[in-house]
Amino acid sequence: MPSFQEEQMKMIEEFREQFSGTWQIKQVQIKHSELVDINYPTGITTDTLLQNLATLHIQPATQQSDDRLLTLEGTLLFRNQTIPLHIQFYPYTSKEALSQGVVSINLGLSKTNSALPQAEMSYLTTIGFLGENFSINTIPKQPTMTWQGLNRAIIDAKLLKI
């Protein structure tokens, strides 16, 4: 019987491969009443299904700070703007869990020191993509993932590997 730590390490290795690559955020279901108002009009006035929101490039970070989680870095291409992201995956090793873990998405450091696109970042924060935690459902080696928003307006996001 593998130990909890061995199970966690195995899962992190599976997800390192699963997350790596380019993903199209195909559909995002938004609950209007949960939008975070940060003085940025989204144009969303009812519960909404967004199509082809953005493209996400993900790779393992060069430095892993803790073996109990997987640190990833990437970029989000949204409205012709590239936004650097820092992503952390916390695995659930329990078979009873409805998800395989939680992903936390935050702004990353811009290597170019250029100003980040404020309107785009405000929009993504308002709908609950940036600074949010998502529960993950996927099957390793499959080209799809579903991220369920845990705290804000995104109910779920369906991703397709391209």
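Please read these numbers as outputs of a predicted model, since none were measured by experiment.

Asks: Pulling in residues and values, what's your account of the overall build of the protein chain?
Replies: Helix and strand content of the protein chain: two helices and eight strands. Secondary structure of the protein chain in N-to-C order comes out as α-β-β-β-β-β-α-β-β-β. The C-alpha radius of gyration of the protein chain comes to 16 Å, within 12% of the 15 Å expected for a compact globule of 162 residues. Across its three principal directions, the C-alpha atoms of the protein chain cover 55 × 35 × 25 Å. With 162 residues in all, the protein chain has 41% of them scored as buried. Restricting to contacts in the protein chain with at least 6 residues of sequence separation, those with at least 24 account for 56%.

Asks: Before we move on, can you summarise the confidence of the model for the protein chain with the specific residues and values?
Replies: This prediction gives the protein chain a mean pLDDT of 87; 91% of its residues lie at or above 70. Mean pLDDT across the elements of the protein chain ranges from a minimum in helix α1 (residues 4-19), with 85, to a maximum in strand β1 (residues 21-30), with 97.

Asks: How would you summarise α1 if you had to cite specific residues and measurements?
Replies: Compared with an ideal rise of 1.5 Å per residue, which puts 16 residues at 22 Å, α1 spans 22 Å between its outermost C-alpha atoms and is within 8% of the ideal. All buried positions along α1 are accounted for by Gln8, Met11, Ile12, Phe15, Gln18 and Phe19. Relative to the axis of α1, the buried residues are bounded by an arc of 125 degrees and lie together on one face. Exposed and oriented more than 90 degrees from the buried face of α1 are Lys10 and Glu17. Gly21 occupies a position one or two residues after α1 and carries a positive phi of about 135 degrees.

Asks: Account for the pairing of strand β3 (residues 70-78), naming residues and giving values.
Replies: Along any regular strand, the residues point their side chains to alternate faces of the sheet. For strand β2 (residues 48-60) and β3, the ladder comprises six bridges, and the chain directions are antiparallel. When the sheet's bridge partners are listed, Pro60 is paired in β3 with Leu72. In this structure, β3 lies alongside strand β4 (residues 81-91), joined through nine bridges in antiparallel fashion. By the bridge assignment for β4, Gly74 is matched with Leu85. Counting the residues that bridge the hairpin from β3 to β4 gives two residues, and of these Arg79 lies at a positive phi of roughly 50 degrees.

Asks: I'd love a proper account of helix α2 (residues 118-127), names of residues and values included.
Replies: Counting buried residues along α2, seven of its 10 residues qualify, which places the element largely inside the surrounding structure. Within α2, burial applies to Glu120, Met121, Ser122, Tyr123, Leu124, Thr126 and Ile127. Residues of α2 that are buried sit in contact with β1, β2, β3, β4, β5 (101-107) and β8 (154-161). Gly128 occupies a position one or two residues after α2 and carries a positive phi of about 95 degrees.

Cut-off values and rules
Note on numbering: residues in each chain are counted from 1, in written sequence order. Under the rules for a predicted model, residues below a pLDDT of 70 receive no local features and side-chain atom pairs below 80 are neither given nor counted, while totals for whole chains, interfaces and linings still include all residues. Processing note: side-chain calculations cover all non-hydrogen atoms of the structure and skip hydrogens and water entirely. Runs of H or I in DSSP of at least four residues are treated as helices and runs of E of at least two as strands, each being numbered from the N terminus. Put simply, the radius of gyration uses C-alpha atoms, and a globule should come to 2.2 Å times the residue count raised to 0.38. Classification of residues uses two cut-offs on accessible area relative to the type maximum, computed with a 1.4 Å probe and protein chains only: under 20% is buried, over 50% is exposed, and between them is partly exposed. Here, two residues are considered to be in contact whenever any of their heavy atoms come within 4.5 Å of each other. Residue-level confidence of the predictor is summarised by pLDDT, bounded by 0 at the bottom and 100 at the top. Expected helix span is given by 1.5 Å per residue-to-residue step, counting one fewer step than there are residues. Taking the helix axis as origin, the arc is that swept by the directions to the C-beta atoms. We call two strands paired when DSSP finds no fewer than two bridges between them.

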